[in-house]
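Here is what each chain is made of, one letter per residue.
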Amino acid sequence: MDRIETGAGARGSRTTSAKALRGLDALNFFLADVRDGLGPYLAIYLIAVRGPDQGWNEATTGLVMTIAGILGLVAQTPAGALIDATNHKRAVVIGGAIAVTASCLVLPFITNFYLVTATQSIAHVAGTIFPPALAAITLGLVGPKMFAKRIGRNEGFNHAGNAVSAALAGGLAYFFGPVVVFWLMGILAALSIGAMLMVPADAIDNDLARGMTEEEEQAQEKPSGLATLLQNRALLLFAVLCAIFHLANAAMLTSVGQLLTHLSGKDHATSLIAVCIVAAQCVMVPVAIFVGAKADVIGRKPIFLTAFGILALRGVLYTLSDNPFWLVGVQLLDGIGAGVYGALFPIVVADLTRGGGRFNAAQGAVATAQGIGASLSATLAGVIIVSAGYSTAFLALAAIAALGFVLYFALMPETRGAVRAGSEPESGGGRTPAVPVRA
């Protein structure tokens, strides 16, 4: 069997089979659509297919999505802790894919509000498994030395999968109607399970996957308590910055969609937003790969500052013209900002938690913070749009991004050195990575 050397990790040089790495590529590609469940297609199905005759409108659909979203948010940190604790990560991923898919495939056969809410809540909670599981499996396969490069590749395949599945869903729905989304999801879930089985269980180092160091493994130390996450000031600061990023970012596409609806009408706006999503995902592919390849060379901080800067610029550019094609063109910048964020998020968390054995729980905790920011974003933008108009809302979101840029520049340390010195934690805590609290 062909084997590829993936670099010197915590235990020295790690060698991973080519089949396992191809399986990881395929897993990120096929799981891209499954991990989010029905996503925006849920509202389309409930409102357009079920409709008011069956008791479904914008309000009832929105309530389902809100309840499911809140439960998914609450599940983020426990999901990460589960990934840290289990040595059966493949089974967890497969179980999550089955749970999400089954919860969505049953939708055409149920009409009761509470049953629909229950199934979508299960899908959201199960979906929280995938981000920490994919990052953990990657770290366990290639080790910390090659982690940044491999995460960039993961994100590239993830965005490519999103773009392809969105294009397929849009094209097939034109001929077969909205029900095609369910067929596509079932096929992708089966392919995801097959991809996961391509990665041998014994190829995943479970201690590396949870962020343990070689010295801790040899001493048979247990992972640190979850309370130690609250003592990591750099991690808490990063969580706040992630919340700020999503507070500025989450409402931009939604607001552009609403503006396009007013400018171009419902039918044209739907097509334009679909183009925005697919095109932005295509931009994210090379961006994510670049970030993974250069994060260890350039450093995390300059690249993350670029994401905040692009986000602020995007908000300002929206205000310069109401031309639909201009708005769609500006939205392409989302491919840069989101591409950088998606690739760097697990890398920085890994830097800040190296040596504590709580890498995945930390991912869940920071994801909870970013989820709170994203949840507040739409409400904030909506209030400003109603009271002061779209331009003011875009400028406000840009100002929040600019604030995030300043805070990251002034307070957040460069975490790149934690990978190289990850097994040399500072004295005192024994679990805190060798990263200063201040820049």
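All values reported here derive from a predicted model rather than from experimental measurement. (Residues numbered from 1 in each chain as written. Predicted model: local features only at pLDDT ≥ 70, side-chain atom pairs only at ≥ 80, totals over all residues. Heavy atoms only, no water.)

Asks: Would you take a moment to explain a nonpolar patch on the surface for this structure?
Replies: A grouping of Val164, Leu168, Leu172, Tyr174, Phe175, Phe176, Val179 and Trp183 is seen on the molecular surface, where their side chains present a nonpolar patch of about 860 Å² in accessible area. Among the elements that take part in the nonpolar patch, helix α8 (residues 147-176) stands out by supplying six residues, more than any other. You can see leucine 172 is positioned in helix α8. For leucine 172, a relative accessible area of 31% corresponds to the partly exposed category. (Patch = residues over 30% accessible without salt bridge, like charges linked within 9 Å, V, L, I, M, F, W, Y side chains within 5 Å. Areas by Shrake-Rupley, 256 points an atom, 1.4 Å probe, with all protein chains shown as cover. Salt bridge = Lys/Arg side-chain N within 4 Å of Asp/Glu carboxyl O. Helix = DSSP H or I, 4+ residues; strand = E, 2+ residues; numbered from the N terminus. Buried < 20%, exposed > 50% of the residue type's maximum accessible area, 1.4 Å probe, protein only.)

Asks: Sorry, what's going on with the environment of glycine 23 here?
Replies: Among the structural elements, glycine 23 can be located in helix α1 (residues 18-34). Taking the relative accessible area as the measure of exposure, glycine 23 reaches 0% and is therefore buried. Distance in space between the C-alpha atoms of glycine 23 and glycine 194 is 8.4 Å, their sequence separation being 171 residues. Other than its neighbours up to four places away in sequence, glycine 23 contacts Ala195, Met198 and Val199. (Contact = heavy atoms within 4.5 Å.)

Asks: Help me understand the pattern of salt bridges, please; the structure alone is not making it clear to me.
Replies: Two side chains bearing opposite charge may form a pair once their charged atoms approach each other closely. Within this structure, the stated rule accounts for six salt bridges. A salt bridge links arginine 300 to aspartate 351; its shortest N-O distance comes to 2.7 Å. Linking arginine 300 in helix α14 (residues 300-317) with aspartate 351 in helix α16 (residues 334-353), this pair joins segments that are 51 residues apart in sequence. Side by side, arginine 300 and aspartate 351 carry an identical accessibility label, which is buried. Its salt-bridge partner being aspartate 334, residue arginine 314 comes within 3.3 Å of it at the nearest N-O pair. Of this pair, arginine 314 sits in helix α14 while aspartate 334 sits in helix α16, placing them 20 residues apart in sequence. We classify arginine 314 as buried; its relative accessible area is 2%.

Asks: Hey, could you run me through the packing of aromatic side chains in this one?
Replies: Describing an aromatic ring pair means giving the distance of the ring centres and the angle of the ring planes. With the rule as written, the count across this model stands at 13 aromatic pairs. Taking 5.7 Å as the distance between ring centres and 85° as the angle between the ring planes, the aromatic pair formed by phenylalanine 304 and tyrosine 341 counts as edge-to-face. In this pair, phenylalanine 304 sits in helix α14 while tyrosine 341 sits in helix α16, placing the two residues 37 residues apart along the sequence. Per residue, the accessibility class of phenylalanine 304 equals that of tyrosine 341, and both read buried. Aromatic pair phenylalanine 304 and tyrosine 408: ring centres 5.0 Å apart, planes at 20°, arrangement stacked. Residue phenylalanine 304 is found in helix α14, and its partner tyrosine 408 is found in helix α18 (residues 390-411); the two are separated by 104 residues along the sequence. Across the pair, exposure class does not vary: phenylalanine 304 and tyrosine 408 are buried alike. (Phe/Tyr/Trp six-rings, centres within 6.5 Å; stacked < 30°, edge-to-face > 60°.)

Asks: When you look at the confidence of the model for the protein in this model, what are you seeing that I'm missing?
Replies: Interpretation of the predicted coordinates at a detailed level should be avoided for regions scoring low in pLDDT. Mean pLDDT over the protein: 81, with 83% of residues reaching 70 or higher. Counting interchain partners and residues more than four positions distant, the pLDDT-below-50 stretch residues 7-13 has 18 contacts. Taken as a whole, residues 419-439 scores under 50 in pLDDT and shows 52 contacts with residues more than four places along the chain or in a different chain. (pLDDT = per-residue confidence, 0-100.)

Asks: What is the right way to read the nonpolar core from this model?
Replies: As a rule of thumb, nonpolar side chains are buried together in soluble globular proteins. In this structure, Phe238 and Tyr408 are the most contacted members of the largest nonpolar core, which totals 64 residues. Of all the elements, helix α12 (residues 233-264) adds the most residues to this core, at 16 residues. When residues of this core are assigned to domains, at least three fall in each of domain 1 (17-210) and domain 2 (224-416). Aside from chain neighbours lying at most four places away, what touches tyrosine 408 is Phe238, Leu241, Lys301, Phe304, Leu305, Phe308 and Val348. (Core = buried A, V, L, I, M, F, W, Y, C linked by side-chain atoms within 4.5 Å. Domains from an automatic or database assignment.)

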